[in-house]
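# Architecture and fold: a report
Listed below are the residues making up each chain.
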Amino acid sequence: MSSTRTLVSPLALARPRGRALYWTVFTGVVLLFTLAFLFPVYWMLSGAMKSADEVTRTPPALVPERWHLGGYTDAWDLMELPTHLWNTVVQATGAWLLQLVFCTAAAYALSKLRPAFGKVILGGILATLMVPAQALVVPKYLTVADLPLIHTSLLNDPLGIWLPAVANAFNLYLLKRFFDQLPRDVLEAAEIDGAGRMRTLRSIVLPMSRPVLGVVSIFALVAVWQDFLWPLMVFSDTGKQPISVALVQLSQNIPLTVLIAAMVIASIPMVAMFLVFQRHIIAGISAGSTKG
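Just so it is clear, the model here is predicted, and its values are computed rather than measured.

Averaged over every residue, the pLDDT of the protein chain is 85; residues scoring 70 or more account for 91%. The spread of mean pLDDT over the elements of the protein chain runs between helix H1 (residues 10-14), the lowest at 70, and helix H5 (residues 81-113), the highest at 93.

Mapped onto the fold, His-84 is located in helix H5. Of note is the side chain of His-84, whose polar atom sits 2.9 Å from the backbone oxygen of Gln-241. In this structure, His-84 is in contact with Met-79, Thr-238, Gln-241, Pro-242, Ile-243, Ala-246 and Leu-250, ignoring residues within four places of it in sequence.

The phi dihedral of Arg-114 falls on the positive side, at around 50°, and the residue is not glycine. The topology assignment puts Arg-114 in the loop between H5 and helix H6 (118-127). You can call Arg-114 exposed: its relative accessible area is 59%. Phi is positive for His-151, which is not a glycine, with a value near 50°. As for its position among the elements, His-151 is in the loop between helix H7 (137-145) and helix H8 (159-166). According to the relative accessible area criterion, His-151 is exposed, its value standing at 58%.

Let us now look at the packing of H5 against H8. Following both chains from N to C, one finds H5 and H8 inclined at 30°, their axes separated by 8 Å at the closest point. Classed by the angle they form, the pair H5 and H8 counts as roughly parallel. Of the two possible hands of crossing, H5 and H8 adopt the one that is right-handed. Note on element contacts: H8 touches H5 through Ile-161, Trp-162, Ala-165 and Val-166, opposite Val-90, Gln-91, Gly-94, Ala-95, Leu-98, Gln-99, Phe-102 and Cys-103. Class assignment for the residues of the contact of H5 with H8 results in 9 nonpolar, 3 polar and no charged.

Put simply, H5 and helix H9 (residues 169-180) touch, their axes get as near as 8 Å, and they point 45° apart. Comparing the axis directions of H5 and H9 gives the class oblique. Crossing geometry of H5 relative to H9 is assigned as right-handed. Note on element contacts: H9 touches H5 through Asn-171, Leu-172, Leu-175, Lys-176, Phe-179 and Asp-180, opposite Gln-99, Cys-103, Thr-104, Ala-106, Ala-107, Tyr-108, Leu-110, Ser-111 and Lys-112. A per-class count over the contact of H5 with H9 returns 8 nonpolar, 4 polar and 3 charged.

Moving on, we get to the packing of aromatic side chains. The relation between two aromatic rings is expressed through the spacing of the ring centres and the mutual angle of the planes. Considering all chains together, one arrives at 5 aromatic pairs under this definition. Between Trp-23 and Phe-26, the ring centres sit 5.6 Å apart and the planes meet at 90°, which makes this aromatic pair edge-to-face. Of this pair, Trp-23 and Phe-26 both sit in helix H2 (residues 16-47), separated by 3 residues, roughly a single helical turn. Its relative accessible area of 46% is what places Trp-23 among the partly exposed residues. Ring geometry for Tyr-108 versus Phe-179: centroids 6.3 Å apart, planes at 85°, classification edge-to-face.

It is worth spelling out the nonpolar core at this point. Tyr-72, Met-79, Leu-81 and Ile-243 are the most contacted members of the largest nonpolar core, which totals 35 residues. Mapped onto this core, the elements with two or more residues apiece are helix H4 (70-78), H5, H8, helix H12 (210-226), helix H13 (229-234), helix H14 (243-249) and helix H15 (256-287). Counting residues per element, this core draws most heavily on H15, which supplies 10 residues. Here Leu-81 is in contact with Ala-75, Trp-76, Ile-243, Ala-262 and Ile-265, once residues within four sequence places are set aside. The next biggest cluster of nonpolar side chains, apart from the first, holds 19 residues, and it includes Leu-100, Cys-103, Leu-182 and Val-216.

The rules behind the values
Residues numbered from 1 in each chain as written. Predicted model: local features only at pLDDT ≥ 70, side-chain atom pairs only at ≥ 80, totals over all residues. Heavy atoms only, no water. pLDDT = per-residue confidence, 0-100. Helix = DSSP H or I, 4+ residues; strand = E, 2+ residues; numbered from the N terminus. Polar contact = N/O pair within 3.5 Å; in protein donor to acceptor, adjacent residues only side chain to side chain. Contact = heavy atoms within 4.5 Å. Buried < 20%, exposed > 50% of the residue type's maximum accessible area, 1.4 Å probe, protein only. Axes fitted to C-alpha atoms, helices over the stretch in contact; angles between N-to-C directions. Parallel < 35°, antiparallel > 145°, perpendicular 65-115°, else oblique. Left-handed = near helix turned anticlockwise from the far one by under 90°. Nonpolar A, V, L, I, M, F, W, Y, C, P; charged D, E, K, R; others polar. Phe/Tyr/Trp six-rings, centres within 6.5 Å; stacked < 30°, edge-to-face > 60°. Core = buried A, V, L, I, M, F, W, Y, C linked by side-chain atoms within 4.5 Å.

Here's what the structure looks like:
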């Protein structure tokens, strides 16, 4: 019978003094990590409720003398947050839908249809991951400013965000790796029953791929929501800018407390989405590491 070696021996835990010391250290470590993660959130939430003097005071005021909720209402009105939040939702939703459709189709084709030169194509796609994102900004901008063949500008248009987001090599590879691990018996049974490629993808592969589709969805939405440089280059029209760009562009003559409140409001959708779909994220990551 093999025994498991632990940091604290069972004999020490059996003693009252050892047990008390263990729980004291354990509780202290948990509280320390909880404080380290939650204090920045509290500091941001409370910073919007302080007065301007309290925010810039040295040493800083941990608790506001008076809780002012006006910072959030001022941020909502002065910085036109509803307009910019809606712009962000439109841009993120379109990029997510197009990425989900095209990346899923490409990954399914490379994994199950096995086209000619499929490995060469996959190698070329993965090679783009080695190119820094900053090196692609200028070529992307020139392409979006004057779209080849049709010579149309996509500046100040959501398509300028949607189309570059479709070419996501990481999400495509993540989907392909998941499709590679799907049981072939199930797909062969569907083929014997007369299901075509599209029917197999729609009725069998996609329902089995919900965990990894959830992970790809989170990655796609967060990437567009937090992006700053590319939307700044695409949208010169202030009324069409997403929240990440608007917070910087409109922060010049805005009080610091109002700006902090706007940042809190802008972060709520992503935090809420993570809390709602965290089980799907964990399930998708674990599903991608197991074989069917």
